[in-house]
Amino acid sequence: MNRFKTSKFKNTTPKVAKRDGWINNVRAGSFSCQGNHIKASSKLVVFQAEQAGGGMLGLSSLKPGSDGQWTVAHVSCHSDLMTDMDFSPFDENLLATCSADAKVKLWRLCDPEMEQPNSPEVTLQQGQDRLELVQFHPTASGLLAVGSAKTALIWDTSRQDTPLAALEQHRDQLQSLSWKKDGSLLATSSKDKMLRVFDPRAQLTPVQSATCLESNKDSRVLWTKDDLLLTTGFNMMRSQQVKLWDSRQLSKSVSSLSLGTSSGTVVPLFDEDTGLLILSGQGETVIDCFEVSTSEPFLTQVSHCLVDSSTRGVAMVPKRALDVMSCEVMRLLQLTDSCIVPVSYQVPRKHSGQEFHDDLYPDTAGTTAAMSAEEWWQGGNKQVEKVSLHPDKQPSSPNRFQLDVSLQGPSRGCSASSSPLTTPSSSAAASRSPSTTSGLSSSFLPSPSPSQSTKAIQNLLGPTSKFRHIQGVLMHKDTHITNIRCLNLTTPGECDGFCVNRERVAVPLSISGGQIAILERSQPGRLPETSMPTIQNSVNVADLTWDPFDTHRLAVAGDDAKIRVWQVPEGGLKEILTEPEMVLQGHTEKIYSIKFHPLASGLLVSSSYDFTVRLWDLECGEEVKVLKGHEDQIFGLAWSPDGKLLATVCKDGKVRIYDPRKSTAPVKEGPGPEGHRGARILWVCDGKFLLVTGFDNLSQRQMSLHSADSLSSGPLATTNMNVSPSTLIPFYDPDTSVVFLTGKGDTRVYIYEIVQEEPYFMDCSSFNCPQPHKGLTFLPKTECNVRDVEIAVGLMLTKTSVEPVAFRVPRVKKEFFQDDVYTDTAVWWEPALTASAWLSGINGQHKKMSLKPKDMTPASEAPKEAPVRKYLPSSVYLEEKTDEQKKEELLSAMVAKLGNMDDPLPQESFEGVDEDEWDD
């Protein structure tokens, strides 16, 4: 009798939104991956953007802003192709992403008009295999299924170290996975044509498996009603094929249909409440809708919708975002190359828009998790409590996240949550603006003057930096060096990745033999496709640095515990360089960092896995000092500005200061970073303080300031950044006391001004790179264009190019030399003394020079401009005038307007007639 039973959804009609309802300004990526390219929560929609090689996430909202337009924001998520993403069913702002960089990241997203997070709340990584799929568990919070190359991982996000389970390896590429709606089973499809059903809590091998797919081309699997599994793929004739299976018996499909010949992968989406199934082919302009039944006929077509543009991806909007009063039972979001098109499925009913038709809307799964990941793993089978979609039964007050957003304001960004799996708490109040923190209404306060208001705000916010509005600008493409091939992306964490001087760039390559490319800065542009001459270092590069006093000398530390010093010919490399100028031997283990002395020529320091620091005199090519006292790996070392002392930061959690000419043991020791993943150190504020970057015990990146005189007392100040695996590499400008911090693989450069009293760190505007970089290092101060108020110029290394970045301070009167920004700078490219002189106890210091061009006037000497009075003084208006004076002024004004009355009238120049012609 079922075949004659009429479905209430048989007349469901798809309605494509009008163009003013589309989300435009979208640049969708066309990357090859197993994900759907687009996902939606009840508030937000995310998609895979074209930028940054597929590692960029596009973000918009389901509803337009107050101006009727949609804002599209972008979040840099991964350093490689982002392959899949999924919103948590219990948190509309929590998104999981996975990537070819072998990482899963959890992001707490904000409204697109607000500042988005720069780092994930959680990062998961197991091995180096490319990750293809990620999907939240439907009933337990914080539980993920992650698909890697040939296996599926079950991961509890609160236990970041290792997954709960790694299911049996598939014989070929994993193509799709899907949780059963009650969360008990996981189904996978693979390129080996197998369909597998796992019970991860019972066993790591499948409980059911069978060869169900005819072709190894892209396939998808999806749980539908009860125990029915749906697969999409291709048959042997390359026709798109859809099959329905009983998961308890996979030997034969219960129903199948063919959609025609096409190369596009069929993406299935299923609505459990209505039983409606969506089938949309990637690259096609057709969206089909079927109804799924547990008995014959299993698949019944409901509609066939034609759209204007081909489909990149398709997503289903959660039920609680639907317009139930208009009988909307389902809504899709179609991702195209340039826009997102909503497609609404509505059931035609009388009184639509006036009544709630409860027969169309059974209670749906709510947004509160039934249990934790740990409870599920221990055998729990609780189901998510269902809620009504009736408008009268919806909560009237906004949720906590909405309240936090209203407190922060649109320009404050979204605050980090204390837990990655809960909505932000009231701790976000700490980021309120001063006006919202006051307990008094402004209507009860006197109106302060502008100067009083400014001072009040400054008192509330504390001191601010004159560099707080610094702007990072990527220079024109004409200055880039592009088409760099075979770049070495696996240099040690202690290495900056590459090094630069005024004339050239040295870039390690991944070619065997430890080859190094030398790029001339005077010759920007695209490098030739043919092979180019390189330095043959013989072994892999561990670190490299240019001699600050010789732009042709390059020191390279290798894996073989040797330092090779190379001399680059004038004009750059014209042929392969195989013979170094000298080879320094003495370390017994791999070297991980080398530094030249800032004052003495030919003096080099190195650190090694043998836990020693050695000084080398390049004038004689010999080792002159061996510093000891380290108990573990030395993460970083730095010379003091006067060249007298050497500071190190070690994995044993200590910071040490050496006086190499007096003792081989440290003269001072103090606590360093708590984490043991990597650290950097440098001297700041004329050598009075040490700046240390590293990690805390929770793997959060941090920066701390230590007094060089009282190192044992610990850091004076510490500020946390974000969670990221790469060590923050600091660059310090001694002229401005501004520090730039970023890590390899980052997209953000943090900028702070360091002061010698509280608050010590003054935050400045950060710079966001268009794509993840592989390194950032800075040029000498003389490379700055003072006419544009540039205080630093760096070179950013990407996968295939070297791109200059200028950091500028916005100023109004750029025609004057900003002498408050540009103090006399050290001539540090000229040595102050020789290595032998320094070793004998002689000290020196660099000469100073002004950066002021001859044709510019210092801003401090600029002429003071008299203020321009906008209005006449009141005495003009108050002056008493007699009636005669007023008449005279009025007459003069009228005469001036009419012109000179003594001039002849125009008709006087006309010729008349003779007088006798007037006679009758």
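Just so you know, these numbers come straight off a predicted model, no measurement behind them.

Observations concerning the overall build of the chain
For step 1, the next point in the chain: When you go through the chain residue by residue, the secondary structure sums to seven helices and 69 strands.
For step 2, the next point in the chain: Sequence-distant contacts in the chain: of pairs separated by 6 or more residues, those separated by 24 or more amount to 53%.
For step 3, the next point in the chain: Accessible surface for the chain amounts to roughly 43,300 Å². Of this, 48% is attributable to carbon and sulfur atoms.

Considerations on the packing of aromatic side chains
For step 1, the next point in the chain: Applying the stated criterion to the full structure yields 14 aromatic pairs.
For step 2, the next point in the chain: Between Tyr-752 and Phe-761, the ring centres sit 6.3 Å apart and the planes meet at 70°, which makes this aromatic pair edge-to-face.
For step 3, the next point in the chain: By relative accessible area, which is 8% here, Tyr-752 ends up buried.
For step 4, the next point in the chain: When the centroid spacing of 5.8 Å and the interplanar angle of 85° are considered together, the rings of Phe-767 and Phe-807 count as edge-to-face.

A short note on the pairing of strand 46 (residues 603-608)
For step 1, the next point in the chain: Burial analysis of strand 46 places six of its six residues in the buried class, the great majority of the element.
For step 2, the next point in the chain: Here strand 46 shows a buried face lined by Leu-603, Val-605 and Ser-607 and a second buried face lined by Leu-604, Ser-606 and Ser-608.
For step 3, the next point in the chain: Two elements, strand 44 (residues 591-596) and strand 46, share five bridges in a ladder whose sense is antiparallel. Bridging across to strand 46, Ile-594 finds its partner in Ser-606.
For step 4, the next point in the chain: As judged from the five bridges shared by strand 46 and strand 47 (residues 613-617), these two strands associate in the antiparallel manner. The residue bridging Ser-607 from the neighbouring strand is Val-613, located in strand 47.
For step 5, the next point in the chain: Counted along the chain from strand 46 to the antiparallel partner strand 47, the turn is four residues long, and its residue Phe-611 has a positive phi close to 65°.

Observations concerning the sheet that holds strand 2 (residues 38-40)
For step 1, the next point in the chain: Taken together, four strands build an open sheet; the order of strands is 2-3-4-5 and the sheet is antiparallel. If you trace the sheet from one side to the other, it starts and ends with strand 2 and strand 5 (73-76), each paired once. The mean inter-strand angle of the sheet, taken between neighbouring strand axes irrespective of direction, is 25°.

With respect to the confidence of the model for the chain
For step 1, the next point in the chain: Of all residues in the chain, 87% have pLDDT values of 70 or greater, and the mean over the chain is 84.
For step 2, the next point in the chain: In this model residues 415-461 is a low-confidence stretch, pLDDT under 50, and it forms 42 contacts with partners more than four residues away in sequence or in other chains.

As for the sheet that holds strand 14 (residues 165-166)
For step 1, the next point in the chain: If you walk across this open sheet you meet the four strands as 10-12-13-14, and the pairing is antiparallel. The sheet is open, and its two edges are formed by strand 10 (133-136) and strand 14, each paired on a single side.
For step 2, the next point in the chain: Here strand 13 (residues 152-156) pairs with strand 14 via two bridges, running antiparallel. Each bridged residue has a counterpart across the sheet, and for Ile-154 the counterpart in strand 14 is Ala-165.

Focus on the pattern of salt bridges
For step 1, the next point in the chain: In this structure the tally under the stated criterion is 40 salt bridges.
For step 2, the next point in the chain: Close ionic contact of Lys-180 with Asp-227 constitutes a salt bridge, the shortest N to O distance being 2.6 Å. With Lys-180 in the loop between strand 15 (174-179) and strand 16 (186-190) and Asp-227 in the loop between strand 19 (220-223) and strand 20 (228-234), the pair connects residues that are 47 residues apart, well separated along the chain. Asp-227 shares its class with Lys-180; the two are buried.
For step 3, the next point in the chain: Residues Asp-735 and Lys-781 are paired through a salt bridge, measuring 3.2 Å at the closest nitrogen-oxygen approach.

Some details on the environment of Leu-259
For step 1, the next point in the chain: Structurally, the position occupied by Leu-259 is in strand 22 (residues 255-261).
For step 2, the next point in the chain: By relative accessible area, Leu-259 is classed as partly exposed at 29%.
For step 3, the next point in the chain: For Leu-259 and Gln-241, which are 18 residues apart along the polypeptide, the C-alpha to C-alpha distance reads 6.2 Å.
For step 4, the next point in the chain: Excluding its chain neighbours within four sequence positions, the residues that come into contact with Leu-259 are Gln-240, Val-242, Val-266, Leu-279 and Asp-288.

Examining the side chain of Ser-184
For step 1, the next point in the chain: Note on placement: Ser-184 falls in the loop between strand 15 and strand 16.
For step 2, the next point in the chain: Only 2.8 Å separates the side chain of Ser-184 from the side chain of Asp-182, close enough to count as a polar contact.

So, unusual backbone geometry
For step 1, the next point in the chain: The peptide bond linking Glu-296 to Pro-297 adopts the cis configuration, its omega dihedral lying at -15°.
For step 2, the next point in the chain: Note on placement: Pro-297 falls in the loop between strand 25 (286-292) and strand 26 (299-306).
For step 3, the next point in the chain: Backbone torsion omega between Glu-758 and Pro-759 reads 10°, so that peptide bond is classified as cis.
For step 4, the next point in the chain: Residue placement: Pro-759 occurs in the loop between strand 59 (748-754) and strand 60 (761-763).
For step 5, the next point in the chain: With a phi angle near 70°, Ala-102 is a residue other than glycine that sits in the positive phi range.
For step 6, the next point in the chain: Residue position: Ala-102 is located in the loop between strand 7 (91-99) and strand 8 (103-108).

Thoughts on the state of the cysteines
For step 1, the next point in the chain: Within this structure, the stated rule accounts for zero disulfides.
For step 2, the next point in the chain: Looking at the unpaired Cys-495, the closest cysteine sulfur is the one in Cys-499, lying at 8.0 Å.

Side note on the side chain of Arg-680
For step 1, the next point in the chain: Among the secondary structure elements, Arg-680 is positioned in strand 53 (residues 680-684).
For step 2, the next point in the chain: Looking at Arg-680, the relative accessible area reads 9%, which means it is buried.
For step 3, the next point in the chain: For Arg-680, the side chain forms a polar contact with the main-chain oxygen of Glu-494, separated by 3.1 Å.
For step 4, the next point in the chain: Discounting residues that sit within four places of it in the chain, Arg-680 has contacts with Gly-493, Glu-494, Cys-495, Asp-496, Val-649, Leu-691, Val-692, Thr-693, Thr-727, Leu-728, Ile-729 and Pro-730.

Details of the environment of Gln-334
For step 1, the next point in the chain: Within the secondary structure, Gln-334 sits in strand 28 (residues 328-335).
For step 2, the next point in the chain: What makes Gln-334 buried here is its relative accessible area of 1%.
For step 3, the next point in the chain: Along the sequence, Gln-334 and Val-314 sit 20 residues apart, while their C-alpha atoms lie 4.7 Å from each other.
For step 4, the next point in the chain: If we skip the residues at most four places from it in the chain, Gln-334 touches Val-307, Ser-309, Ser-310, Thr-311, Gly-313, Cys-339, Ile-340 and Val-341.
For step 5, the next point in the chain: At a separation of 2.8 Å, a polar atom in the side chain of Gln-334 contacts the main-chain carbonyl oxygen of Ser-309.
For step 6, the next point in the chain: A distance of 3.0 Å separates the side chain of Gln-334 from the side chain of Thr-311, its partner in a polar contact.

Some remarks on the environment of Thr-139
For step 1, the next point in the chain: Relative to the helices and strands, Thr-139 is located in the loop between strand 10 and strand 11 (140-141).
For step 2, the next point in the chain: For Thr-139, a relative accessible area of 1% gives the class buried.
For step 3, the next point in the chain: Residue contacts for Thr-139: discarding those within four places in its chain leaves Phe-90, Lys-181, Asp-182, Gly-183, Ala-369, Ala-370, Met-371, Lys-382, Gln-383 and Val-384.

Reading the values: rules and limits
- Residues numbered from 1 in each chain as written.
- Predicted model: local features only at pLDDT ≥ 70, side-chain atom pairs only at ≥ 80, totals over all residues.
- Heavy atoms only, no water.
- Helix = DSSP H or I, 4+ residues; strand = E, 2+ residues; numbered from the N terminus.
- Contact = heavy atoms within 4.5 Å.
- Areas by Shrake-Rupley, 256 points an atom, 1.4 Å probe, with all protein chains shown as cover.
- Phe/Tyr/Trp six-rings, centres within 6.5 Å; stacked < 30°, edge-to-face > 60°.
- Buried < 20%, exposed > 50% of the residue type's maximum accessible area, 1.4 Å probe, protein only.
- Pairing = 2+ DSSP bridges.
- Axes fitted to C-alpha atoms, helices over the stretch in contact; angles between N-to-C directions.
- pLDDT = per-residue confidence, 0-100.
- Salt bridge = Lys/Arg side-chain N within 4 Å of Asp/Glu carboxyl O.
- Polar contact = N/O pair within 3.5 Å; in protein donor to acceptor, adjacent residues only side chain to side chain.
- Disulfide = S-S within 2.5 Å.

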